[in-house]
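# Breakdown of the fold
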Amino acid sequence: MSGRAVRKIIAANWKMNKTVAEALAFADEFAALWSGQGGVEVVICPPFTALYPLGQRLQGSGLLLGAQDLFWEERGAFTGEVAAFMLREAGASHVIVGHSERRHLLGESDADVRRKLQRALQEGLYPILCVGETLPQREGGEAEAVVCAQLRAALQGCPPSPARLLVAYEPVWAIGTGRNAEPADARHMALVIRRELESLLGRAGAEVRVLYGGSVTPDNVAGYTGMVEMDGALVGGASLRPESLAAIVRRTEEAGHAT
Ligand code: PGA
């Protein structure tokens, strides 16, 4: 792991929350709390409707913009879907792919996730690929196998050097439950993910940034982002208030200085 020059990243997944007005108010309040000098990348992923106005507001701020999903086709007759080039035009650099809420609540398959991931990479976006096991899978001792299978399925046919790829380990049982994974378990899974990435992608696998997600808060974030194996966090509920997100970023900056 040594020698990896990695900037930690905090990605805020707002899910189906915030109007345009609320998103803009958040941006103004957060800007007042965030110096931008701490070396941590911050990506805000609002709902589609707020992407463009928020992107305009964030210009020159140093904050990055991400979408929560995309469609795999380039363009055309796909009612209700949003294309990668539209996300780019709206100002997004990142896009979440294969979030467990899409996999489990909306029936997104491994094949769908693969197509979306490939489209995102093709169009120059930074995909944040989400993987993670359910509680029965963890209790059945299958967590590693499930996560590795999700990675293999998503990266099948992937271009050999996915320099822009990020992977978020998000155990499904930890998302929105207040029951965050033990940092030691998250570290173990990060190592499992890294090993699988290196076997799938060769040396390029070492460059992929691996994040933890699932009930991250200001109080527990440093336990994850402070370790060298973890390159950041994907934060849902605790990213909805500017003070809370700013505290998460600050704790990550401090944890980085301490290691
Ligand atoms: P949570 O969500 O932080 O609210 O658990 C994380 C996520 O779904 O990415």
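None of the values given here were measured: they were computed from a predicted structure.

Criteria and cut-off values
- Residues numbered from 1 in each chain as written.
- Predicted model: local features only at pLDDT ≥ 70, side-chain atom pairs only at ≥ 80, totals over all residues.
- Heavy atoms only, no water.
- Salt bridge = Lys/Arg side-chain N within 4 Å of Asp/Glu carboxyl O.
- Helix = DSSP H or I, 4+ residues; strand = E, 2+ residues; numbered from the N terminus.
- Buried < 20%, exposed > 50% of the residue type's maximum accessible area, 1.4 Å probe, protein only.
- 1 Å grid on protein atoms, 1.4 Å probe; cavity = no way out; pocket = protein on both sides within 12 Å on 5 of 7 lines; lining within 4 Å.
- Points joined across faces, edges and corners; volume = space filled by probe spheres on them.
- Nonpolar A, V, L, I, M, F, W, Y, C, P; charged D, E, K, R; others polar.
- Expected span 1.5 Å × (residues − 1).
- Arc of directions from axis to C-beta.

Now for the pattern of salt bridges. Here the structure, examined in full by the defined rule, presents 17 salt bridges. We note a salt bridge from Glu-41 to Arg-209, for which the minimum N-O separation is 3.4 Å. On the criterion of sequence distance, the pair formed by Glu-41 in strand 2 (residues 41-45) and Arg-209 in strand 7 (residues 209-213) is long-range, its members being 168 residues apart. Judged on exposure class, the residue Glu-41 and its partner Arg-209 are both buried. It is possible to trace a salt-bridge network through shared partners that takes in Asp-69, Arg-102, Glu-108 and Lys-116.

What follows covers empty space enclosed by the protein. One pass over the structure, following the stated rule, counts one cavity of 30 Å³ or more. In this model, the largest cavity occupies a volume close to 40 Å³. When residues of the lining of the largest cavity are traced back to their parent elements, those giving at least two are helix 4 (100-105) and strand 5 (126-131). For the lining of the largest cavity, the element with the highest residue contribution is helix 4, accounting for three residues. The class makeup of the residues in the lining of the largest cavity is two nonpolar, five polar and two charged.

A few words on helix 1 (residues 20-33). Taking 1.5 Å of rise per residue, 14 residues should cover 20 Å, and helix 1 covers 20 Å from first to last C-alpha, within 8% of that figure. Residues of helix 1 that are buried include every one of Ala-23, Leu-24, Phe-26, Ala-27 and Phe-30, and no others. Taken down its axis, helix 1 places every buried residue within 155° of arc, on the same side. Away from its buried face by more than 90 degrees, helix 1 exposes Ala-21 and Ala-32.

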